[in-house]
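# Secondary and tertiary structure notes
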Amino acid sequence: MCFVKGAITVFMTLLFGMILSLVLVTIENVRFLTGESYARLSAKGALYAVFGEYNRELYEDYGLFGYGGYSQKNQDELSRNIERQLQTALGQQDKAASSANIDLYRIHDISCTIADIKSVADREELYRQIKLYLASETVEDVLDRLFTKDDSTNSKVGVDSLRDLFREGTTAWSKSLEQTEKYEKGEMDDPEKTSPKRKKQSDKADSQFAGGNRRFDGEDGQFAEANKRSVRKAGSSGNVMDGDGGMATQDHANGNPLESFCELMRDGILQLVCDTEKLSGEDQQAKSIGQAAGQKLLLMRYAFCVFSCYTTDRNRSTRCGLEYLIEGKENEKDCMLGIVNRMLLLRTMINYAYVNTDEQLKAESLATATVIAGATGLPPVIQAINQTILLILAVEESLIDITALLCGYKVPLFKQHASFQMRYSEICMVSKSFLRKKAEIYKKGGGVITGKAMSYMQYLGMLMALIVEKSMRERAISLIETDLRERYNQTFCIDQCIDLAKVKVVYRQSLFWSMSQLGVVQEQRQLEVMYQY
């Protein structure tokens, strides 16, 4: 048996060389895999850093998140900023610092391109952010109610009450259930009010009150007689006394409602019901986009939270923002005129339905119509004039309602005798000051609000529900853009406010040792990262 000298040495050398190659290849593979994760995390960090320079005015005023939108901060600028941040994170910019330390991953030739991008003005993104905004507003409202003091009891509602409610061994739940059961069984009613004697007294008072109403509201009652005397007095003197005993105004039409109404409408409705000096005539551009009832409700709720209207100022450049969403006219006066006309039509129909059920008003208008018809005496002519007078009365009552709504007061949706402000003797006395004085009755209710009362904002909601979502959404976008341009930056464009970006990162990663002499080509590697608010 022949032994070759040094064979064991050669064998062990080859064996250790193979083991070392396997270990080095494994280490290199792990380095490449971790290098990709490192590059991905760095790219995400660069995205978060760049989007940290979001448009603060847009977010603080309207709750919408977007990058750029002004001063040439667009898609190209976003790509350059992400690439710059990524190179900084991967140590490609500071060559002196990188030479002093070991570059484990050896990533170089980094480039970034935008694969996909969406702006705040995109329909899906806009409604997604509106949902987030409304959800945050709801949470804030709940927290404000929980963690504020109740002024009436001077007790803090919130953490303490919740802690007592959920404390172990507490009897709060059992006590609440017991009180609920007692209320359902009627055990918590006042015994004095539920006693037979008390019930008899209450029934007697109700019957007396009903009799009093008949005495004052009947056709032959004291109220009707007093009203007739006031009408005769108005016809003779041409003046009418207001409810406080003062002189309301002067009759320049000599008791003719038709002539008085024509004179009233000569200067326009808008001059009568609101202060037109507060409204500007500047143009406001609008666009269109749209769809879906659910999204429309979201947009309506959002609009009431962020835009101004005639009765609510939210420090916006456009005072009548909600009115513009409905009308879309070029200036505020035209928008308000359109709103007033719509409300006048609605209120007139409701009030006209009431005056046709009021026998006293119908009798007085019929008497006036008979006088105006004169020698003709034709029943159709008299009836036509009668209905015209009733319509005038309904219109004037509607003008009072609209004036009160624009002053910020609530007005009953359906009128009754107590809430109907116009008296027949005042039909020829209507003026702007007269409407303002009548509207003040609604300031604190005045005992005239019966049934369902609605505010100006609620009427705007009704009218807004009739507008196509497409028009309303782009008008809202136009309002936001116009407001931020006038108050902050003239170059603002909401179409360039980016809230979603998908970035494609391309880079090269060198081997740990140089193999360029062996013809090993470094392949490009790429990955995609996305940011969305």
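Sequence order as written defines the numbering, with residues in each chain counted from 1. In keeping with the model being predicted, local features are shown solely for residues with a pLDDT of at least 70 and side-chain atom pairs are shown and tallied solely at 80 or more, while totals for entire chains, interfaces and linings include all residues. Side-chain metrics rest on all non-hydrogen atoms present in the structure, leaving aside hydrogens and water.

### Comments concerning the state of the cysteines
Note on terminology: disulfide describes a covalent bond linking the sulfur atoms of two cysteines. Defined as follows: Note that a disulfide, as used here, is simply two cysteine sulfur atoms within 2.5 Å. Buried residues are those whose accessible area, probed at 1.4 Å on protein chains only, stays under 20% of the maximum for their type, while exposed residues exceed 50% and partly exposed ones sit between those limits.
Considering all chains together, one arrives at zero disulfides under this definition. Free of any disulfide, cysteine 320 has its nearest neighbouring cysteine sulfur in cysteine 335, separated by 7.2 Å. With a relative accessible area of 0%, cysteine 320 lands in the buried category. Since its relative accessible area comes to 0%, cysteine 335 is described here as buried.

### Section: the environment of leucine 391
The following threshold applies: The helix and strand labels rest on DSSP assignments: H or I over at least four residues marks a helix, E over at least two residues marks a strand, and numbering proceeds from the N terminus. Two residues qualify as a contact provided that any one of their heavy atoms is within 4.5 Å of a heavy atom in the partner residue.
One can find leucine 391 in helix α17 (residues 379-406). What makes leucine 391 partly exposed here is its relative accessible area of 38%. Distance in space between the C-alpha atoms of leucine 391 and methionine 349 is 9.0 Å, their sequence separation being 42 residues. With sequence-adjacent residues up to four places away left out, leucine 391 is seen in contact with Thr348 and Tyr352.

### Describing the packing of helix α13 (residues 293-306) against helix α19 (residues 456-464)
Our working rule: Only the stretch in contact is used when a helix axis is fitted, and all axes are lines through C-alpha atoms; the angle between N-to-C directions ranges over 0 to 180 degrees. Working definition: roughly parallel below 35 degrees, roughly antiparallel above 145 degrees, roughly perpendicular at 65 to 115 degrees, and oblique for all remaining angles. Crossing handedness: left-handed means the near helix sits turned counterclockwise from the far one by under a right angle, and right-handed means the same turn made clockwise. Polar here means any residue outside two lists: the nonpolar Ala, Val, Leu, Ile, Met, Phe, Trp, Tyr, Cys and Pro, and the charged Asp, Glu, Lys and Arg; Gly therefore counts as polar.
Two elements in contact, α13 and α19, have axes whose closest approach is 11 Å; the angle formed by their N-to-C orientations is 150°. The pairing of α13 with α19 is recorded here as roughly antiparallel in orientation. α19 is crossed by α13, and the crossing has right-handed handedness. Two secondary-structure elements touch here, α13 through Lys296, Met300 and Phe304 and α19 through Met457, Leu460, Gly461 and Met464. The class makeup of the residues in the contact of α13 with α19 is five nonpolar, one polar and one charged.

### Quick word on the nonpolar core
Put simply, the test is: We call a set of buried residues a nonpolar core when its members are Ala, Val, Leu, Ile, Met, Phe, Trp, Tyr or Cys and they connect through side-chain atoms within 4.5 Å of each other.
Core analysis: the biggest nonpolar cluster contains 86 residues, and Phe307 and Tyr456 have the highest contact counts within it. Sort the elements by how many residues they give to this core and α17 lands first, with 13 residues. Contact partners of tyrosine 456, with chain neighbours within four places excluded, come to Cys309, Tyr310, Thr311, Glu323, Met336, Ile339, Met343, Leu405 and Leu406. With 25 residues, the next largest nonpolar core counts Val50, Phe65, Val503 and Val529 among its residues.

### Considerations on the packing of aromatic side chains
The way to describe two aromatic rings as a pair is by their centre distance and the angle between their planes. How we decide: The pairing test for Phe, Tyr and Trp rings, Trp by its six-membered ring, is centres within 6.5 Å, and the orientation test on the planes gives stacked under 30 degrees, edge-to-face over 60, and tilted for anything in between. Should the NZ of a Lys or the CZ of an Arg lie within 6 Å of a ring centre and within 35 degrees of the ring normal, that charge is described as sitting over the ring.
According to the stated counting rule, one finds 12 aromatic pairs in the structure shown. With centroids separated by 6.3 Å and ring planes inclined at 80°, the aromatic side chains of tyrosine 59 and tyrosine 533 adopt a geometry described as edge-to-face. Linking tyrosine 59 in helix α2 (residues 56-62) with tyrosine 533 in the segment after β9 (524-532), this pair joins segments that are 474 residues apart in sequence. An angle of 50° between the planes, with centres 6.0 Å apart, marks the rings of tyrosine 62 and phenylalanine 307 as tilted. One end of the pair, tyrosine 62, is in helix α2; the other, phenylalanine 307, is in the loop between α13 and α14 (321-327), and 245 residues separate them in sequence. For the pair tyrosine 62 and phenylalanine 307, a shared accessibility class is recorded, and that class is buried. Put simply, the rings of Tyr48, Phe51, Tyr54, Tyr59, Phe65, Tyr67, Tyr531 and Tyr533 touch in pairs and so form one group of aromatic residues. Note that arginine 316 overlies the ring of tyrosine 62, its terminal NZ or CZ placed 4.6 Å from the centroid. The lysine or arginine in question, arginine 319, covers the ring of tyrosine 310, its NZ or CZ lying 5.1 Å from the ring centre.

### With respect to the packing of helix α5 (residues 123-146) against helix α20 (residues 469-487)
Two quantities define a packed helix pair, namely the angle between the helix axes and the distance between the axes. α20 packs onto α5 with a crossing angle of 75° between their chain directions and a minimal axis gap of 12 Å. On the basis of their axis angle, the class for α5 and α20 is roughly perpendicular. From α5, Arg123, Leu126 and Tyr127 reach across to α20, where they touch Glu469, Arg473 and Ile477. Across the contact of α5 with α20, the residue classes break down as three nonpolar, no polar and three charged.

### Comments concerning the confidence of the model for the protein chain
In plain terms, the rule: Scored between 0 and 100, pLDDT is the confidence that the predictor attaches to each residue.
Taken residue by residue, the protein chain gives an average pLDDT of 77. The fraction at 70 or more is 69%. Low pLDDT, under 50, characterises residues 284-291; the predicted model gives this stretch 30 contacts beyond four residues in sequence or across chains.

### Observations concerning the pairing of strand β8 (residues 498-509)
Rules: Two strands make a pair as long as DSSP finds a minimum of two bridges between them.
Across the 12 residues of β8, nine count as buried, placing the element largely inside the fold. As judged from the nine bridges shared by β8 and β9, these two strands associate in the antiparallel manner. Within the sheet, the bridge partner assigned to lysine 504 lies in β9 and is glutamate 528.

### A short note on the sheet that holds strand β1 (residues 107-119)
As summarised here, the arrangement of the three strands in space is β1-β8-β9, forming an open sheet in which the pairing is antiparallel. One side of each edge strand has no neighbouring strand; the edge strands of this open sheet are β1 and β9. Strand-to-strand twist in this sheet, taken as the mean axis angle between neighbours without regard to direction, amounts to 20°. Looking at chain direction, β1 and β8 are connected through 10 bridges and run antiparallel. Across the sheet, the residue bridging to isoleucine 114 is valine 503, located in β8. Lying on the sheet, helix α1 (residues 7-51) is in contact with β1, β8 and β9; it crosses β9 at an angle near 35°. Taken strand by strand, helix α3 (residues 75-89) contacts β1 and β8, and its axis lies near 145° from that of β1.

### Considering α20
The following threshold applies: Helix span, as expected, comes to 1.5 Å for every residue beyond the first.
With 19 residues, α20 extends 27 Å between its outermost C-alpha atoms, agreeing within 8% with the 27 Å of an ideal straight helix rising 1.5 Å per residue. Counting buried residues along α20, 14 of its 19 residues qualify, which places the element largely inside the surrounding structure.

### Structural notes on the environment of alanine 43
One can find alanine 43 in helix α1. C-alpha of alanine 43 to C-alpha of alanine 89: the two residues are 46 residues apart in sequence and 8.5 Å apart in space. Contacts of alanine 43, omitting those with residues within four sequence positions, involve Leu86, Val505, Leu527 and Val529.

### Comments concerning helix α11 (residues 257-264)
Basically, it comes down to this: Directions are taken from the helix axis to each C-beta atom, and the arc is the one they span.
Those residues of α11 lying buried are Pro257, Ser260, Phe261 and Leu264. Looking straight down α11, one finds that the buried residues subtend no more than 100° of arc, so they occupy a single side. On the buried face of α11, the contacting elements are α12 (269-273), α16 (359-373) and α17.

### Things to note about unusual backbone geometry
For asparagine 315, which is not glycine, the phi torsion reads 60° and is therefore positive. By relative accessible area, asparagine 315 is classed as exposed at 55%.

### Comments concerning the environment of aspartate 313
Our working rule: Think of a polar contact as two N or O atoms within 3.5 Å of one another; within protein, one of them needs to be a possible hydrogen donor and the other a possible acceptor, and neighboring residues in sequence only count if both atoms come from side chains.
When you line up the elements, aspartate 313 lands in the loop between α13 and α14. A distance of 3.1 Å separates a polar atom in the side chain of aspartate 313 from the backbone nitrogen of asparagine 315.

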